[in-house]
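Residue-level listing of the chains:
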Amino acid sequence: MNTRSVILRVEEQSQQRLKVVWMVVTDGRLGNFGPYSVPLQQLRADTAKVRQHLNDLVAEYNNRTYRYGPVLERLADAGAALHFTLFDGAVSDRIQATRARDWLAKQVPGSVQITVSTDGTVHVPWGLIFADDVPTKQSPLRTDYEGFWAFRYNVATQHVAMQPSRFQQGLADAAFKVVSLLDRQVFGGVKPTLPASEQTLLDALLNRPIGPAFDTDEGIAYLKQAATSDCLLNVFSHASGQDIHLSSGSLSVGDLRRHFLHPRQTTPGYQAEALLFLNGCNTAVGDLDNSFLNATAEPGCAGFIGSEAKLPDEFALRAAVVVLHGLL
């Protein structure tokens, strides 16, 4: 099955409207359905509801009530509202929005790669948009949520300021650095819950140059060591969209910019790239001018993996094992 490459370009048009352009790559040529605009504040409100229901899922687990079915129904409904708003073009350009929506709905599931090109105006959990034109079974424990973009399409986000220069090139293992910032109490409390084999694997993944740091002074020192190297920054701690909480104190977006991101952009010569895995609560949520998501959407950063919601510690650490093993 051939995969269609689609670029979804979104950028702020005004304080009230978001400009949207759908572009399709066909035989190496780029065509589009024409630009349209959607209500920006409504899109942000719909996004907030999606994240609310994500946190409701976590609450069901933490409270040991496990009533996931009704929450998933609400999450799908919130995702459907987000889908509607994304194609709710202004009266003057609604025909472009309708053409793009109808074309996308006709594509075979799994056959479309959507790359969202964004200036960071709005933080949307694109994978949780729900295409409500996709039929689903209506049962309390339904498992067929094919309408979610994460299942229906291959979705990735590319911030326009990011300019990774060597996507197609491999890196020598010895030259690649790994820095892990860990909250000792959180990490130490949940690590024993892993199977012994996963604990052994995790130790091997973390004990690579430069290694793990547990407090702010050590963390800043390690960030400086890796500031001009191709590297992975791995964080496991309680966090927000603006702060990483370590065993003593915390590191802010400003700290990350000053000691790690800015040197990557100002050092002459070789442009080192970093991948950031900020494995903590709500690290992909924040203010437009003060968030990890926006801070890392610049040259010198090849990618960002964060969280849209609060995460149970044991789920987050098991995810860390899988992601780190896959990357390294």
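Residues numbered from 1 in each chain as written. Predicted model: local features only at pLDDT ≥ 70, side-chain atom pairs only at ≥ 80, totals over all residues. Heavy atoms only, no water.

**Considerations on the state of the cysteines**
Counted by the stated rule, this structure contains zero disulfides. No disulfide involves Cys-231; its sulfur sits 9.3 Å from the nearest other cysteine sulfur, which is in Cys-301. (Disulfide = S-S within 2.5 Å.)

**Here's the deal with unusual backbone geometry**
Residue Ile-210 follows Pro-209 across a cis peptide bond; omega there is 15°. Here Ile-210 lies in strand β8 (residues 210–213). The backbone of Arg-64 shows a phi angle near 60°, a positive value even though the residue is not glycine. Considering the arrangement of structural elements, one finds Arg-64 in the loop between α1 (40–62) and α2 (68–86). Owing to a relative accessible area of 46%, Arg-64 belongs among the partly exposed residues under this scheme. Although it is not a glycine, Asn-282 adopts a positive phi angle of roughly 60°. (Helix = DSSP H or I, 4+ residues; strand = E, 2+ residues; numbered from the N terminus. Buried < 20%, exposed > 50% of the residue type's maximum accessible area, 1.4 Å probe, protein only.)

**Quick word on α1**
The end-to-end C-alpha separation of α1 is 33 Å, in line with the 33 Å expected for 23 residues at 1.5 Å each. Among the residues of α1, those classed as buried are Leu-40, Leu-43, Asp-46, Thr-47, Val-50, Arg-51, His-53, Leu-54, Leu-57, Val-58, Glu-60 and Tyr-61. Those residues of α1 hidden inside the fold are in contact with β1 (4–12), β2 (17–26), β4 (36–39), α2 and α10 (313–327). Phi for Arg-64, located one or two positions after α1, is positive at around 60°. (Expected span 1.5 Å × (residues − 1). Contact = heavy atoms within 4.5 Å.)

**A few points about the pattern of salt bridges**
Taken as a whole and assessed by the stated rule, the structure comprises eight salt bridges. The partner of Arg-51 in a salt bridge is Glu-308, and the shortest N-O contact between them spans 2.5 Å. With a gap of 257 residues between them, Arg-51 in helix α1 and Glu-308 in the loop between β13 (301–305) and α10 connect regions that are remote in the sequence. On the accessibility criterion, Arg-51 (12% relative accessible area) is buried. Among the salt bridges present, the one from Arg-67 reaches Glu-60, with a minimum N-O distance of 3.9 Å. Each of the salt bridges in this network shares a partner with another, and the network as a whole consists of Arg-9, Glu-11 and Lys-19. (Salt bridge = Lys/Arg side-chain N within 4 Å of Asp/Glu carboxyl O.)

**Regarding the packing of aromatic side chains**
For the structure on display, the rule yields 10 aromatic pairs. Here the aromatic rings of Phe-33 and Trp-103 are separated by 5.8 Å at their centres, their planes lie at 50°, and the arrangement is tilted. Highlighted residues: Phe-33 in the loop between β3 (29–32) and β4 and Trp-103 in helix α3 (residues 94–105), separated in sequence by 70 residues. Classification of Phe-33 by relative accessible area gives buried; the value is 15%. Here the aromatic rings of Trp-149 and Tyr-153 are separated by 5.7 Å at their centres, their planes lie at 85°, and the arrangement is edge-to-face. When sorted by exposure, Trp-149 lands in the same class as Tyr-153, which is buried. Linked through ring pairs, Trp-22, Phe-87, Trp-149 and Tyr-153 together constitute an aromatic cluster. Taking NZ or CZ as reference, Arg-64 lies 4.7 Å from the ring centre of Tyr-61, over its face. (Phe/Tyr/Trp six-rings, centres within 6.5 Å; stacked < 30°, edge-to-face > 60°. Lys NZ or Arg CZ within 6 Å of the ring centre and 35° of its normal.)

**Some details on the sheet that holds strand β12 (residues 274–279)**
Pairing within the open sheet is parallel, and its five strands lie in the order β8-β7-β9-β12-β13. On the outer flanks of this sheet lie β8 and β13, each paired with one strand and no other. The mean angle between the axes of side-by-side strands here comes to 10°, regardless of whether they run parallel or antiparallel. Bridge analysis of strand β7 (residues 177–182) against strand β9 (residues 231–236) gives six bridges, and the strand direction is parallel. Its bridge partner lying in β9, Val-179 is registered against Leu-233. On the sheet, helix α7 (residues 216–225) packs against β7, β8 and β9 and is oriented at approximately 160° with respect to β8. (Pairing = 2+ DSSP bridges. Axes fitted to C-alpha atoms, helices over the stretch in contact; angles between N-to-C directions.)

**Comments concerning the pairing of β2**
Successive residues of a regular strand alternate their side chains across the two faces of the sheet. In this structure, β1 lies alongside β2, joined through eight bridges in antiparallel fashion. Considered in β2, the bridge of Glu-11 is made with Lys-19. Hairpin connection of β1 to β2: four residues between the antiparallel strands. Sheet topology note: the β2/β4 ladder contains four bridges and is antiparallel. Counterpart to Arg-17 in the pairing with β4 is Pro-39. Where β2 and β3 come together, four bridges link them in antiparallel fashion. In the sheet register, Thr-26 faces β3, and the bridge partner there is Arg-29. Linking two consecutive strands that pair antiparallel, namely β2 and β3, is a turn of two residues; a positive phi of about 55° is found at Asp-27 within it.

**Things to note about the confidence of the model for the protein chain**
Here the protein chain averages 87 in pLDDT, and 92% of its residues register 70 or above. Per-element confidence in the protein chain is highest for β4, whose mean pLDDT is 95, and lowest for helix α9 (residues 292–295), whose mean pLDDT is 82. (pLDDT = per-residue confidence, 0-100.)

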